[in-house]
Amino acid sequence: MKRIALALFSTFAIAASAHAVEYSQVQADQSRIAFGYQQMGVSMDGAFRKFSSQLRFDPAAPQAASATIEVELASIDTGSDEGDEEAARKTWFNTKDFPTARFESTGVKALGGNKYEVAGKLTIKGTTRDVVVPATFAEQGKAGVFEGSLTIKRGDFSVGEGAWKAFDVVANDVVIKFRITAAAK
């Protein structure tokens, strides 16, 4: 009887591991990091053209997931060359001294219904803050798609200094939106 139970357990363990899928091959051409904010009461949008990411996610074991995303701040696309140049200056991102922003996960909590909370550390301009990012996950063919958004306060990261430190022209809230597509390993 023990042999039968052991054989059944082994069969189930092999079958379960055969179905385990880890999404780790980020497809940059199908991924996007964008942002939105208010300037003089008008909604503005932009994106970052260059970023790198390392990802490990198994839907069967989300607590073991990890993610690191580094955004090249000089790759900002505000919709105009003038806006891109302004954002790179010392008063905004100071890309000369701080070329990247970084998010590194510290934990993932499954909420049910393909919804998750990803806790982590966000670093912009040398300042690191703990954040919790609400995200969703969906399998699409052989890829997994992670989407979500996070509202940060630009003042918490000294984005907008000097005359731009006030929030009367450019609002303090910035919504970071992402879509990361990763192939299964």
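These numbers were taken from a predicted model, which means no experiment stands behind them. (Residues numbered from 1 in each chain as written. Predicted model: local features only at pLDDT ≥ 70, side-chain atom pairs only at ≥ 80, totals over all residues. Heavy atoms only, no water.)

1. Some points on the packing of aromatic side chains
For clarity, the threshold we go by: Pairing of aromatic rings covers Phe, Tyr and Trp, the last through its six-membered ring, and needs centres within 6.5 Å; plane angles under 30 degrees mean stacked, over 60 mean edge-to-face, and all others mean tilted. Going along the chain from the N terminus, every DSSP run of H or I of four or more residues is numbered as a helix, and every run of E of two or more is numbered as a strand. Burial here depends on accessible area, computed with a 1.4 Å probe over protein chains only, as a share of the maximum for the residue type. Under 20% is buried, over 50% is exposed, and the range in between is partly exposed.
All chains considered together, the criterion is met by nine aromatic pairs. Ring geometry for Phe 57 against Tyr 116: centres 5.4 Å apart, planes inclined by 85 degrees, an arrangement best described as edge-to-face. Placement of Phe 57 in the loop between strand S4 (51-56) and strand S5 (66-72) and of Tyr 116 in strand S8 (residues 115-124) is noted, with a sequence separation of 59 residues between them. Here Phe 57 falls in the buried class, since its relative accessible area comes to 4%. The buried category is assigned to Tyr 116, whose relative accessible area is 9%.

2. What to know about the pattern of salt bridges
So the rule is basically this: In the sections that follow, a salt bridge refers to a side-chain nitrogen of Lys or Arg positioned within 4 Å of a carboxyl oxygen of Asp or Glu.
Counted under the stated rule, the structure contains ten salt bridges. With its nearest N and O atoms 3.8 Å apart, the salt bridge here joins Asp 77 to Arg 49. In this pair, Asp 77 is assigned in strand S6 (residues 76-77) and Arg 49 in the loop between strand S3 (42-48) and S4, connecting sequence segments 28 residues apart. A relative accessible area of 51% places Arg 49 in the exposed class. A salt bridge links Arg 102 to Glu 70; the nearest nitrogen and oxygen atoms lie 2.5 Å apart. Separated by 32 residues along the polypeptide, Arg 102 in strand S7 (residues 100-112) and Glu 70 in strand S5 bring together distant segments of the chain. The class for Glu 70 is partly exposed, based on a relative accessible area of 27%. Because the salt bridges share partners, they merge into one network encompassing Glu 70, Arg 102 and Glu 104.

3. Overview of the environment of Ser 52
Note the following rule: Here, residues are in contact when the closest pair of their heavy atoms is within 4.5 Å.
Among the structural elements, Ser 52 can be located in strand S4. Along the primary structure Ser 52 and Val 71 are separated by 19 residues, whereas in three dimensions their C-alpha atoms are 6.6 Å apart. Discounting chain neighbours no more than four positions away, the residues touching Ser 52 are Thr 68, Ile 69 and Glu 70.

4. So, the pairing of S3
Going by this rule: Between any two strands, at least two bridges found by DSSP are needed for them to pair.
Where strand S2 (residues 32-39) and S3 come together, seven bridges link them in antiparallel fashion. Across the sheet, Gln 39 pairs through a bridge with Val 42, a residue of S3. The turn linking S2 back onto S3 is made up of two residues, and Met 40 within it adopts a positive phi angle of 50 degrees. When S3 meets S6, the two strands line up antiparallel, connected through two bridges. Looking at the pairing, Phe 48 lines up with Ile 76 of S6.

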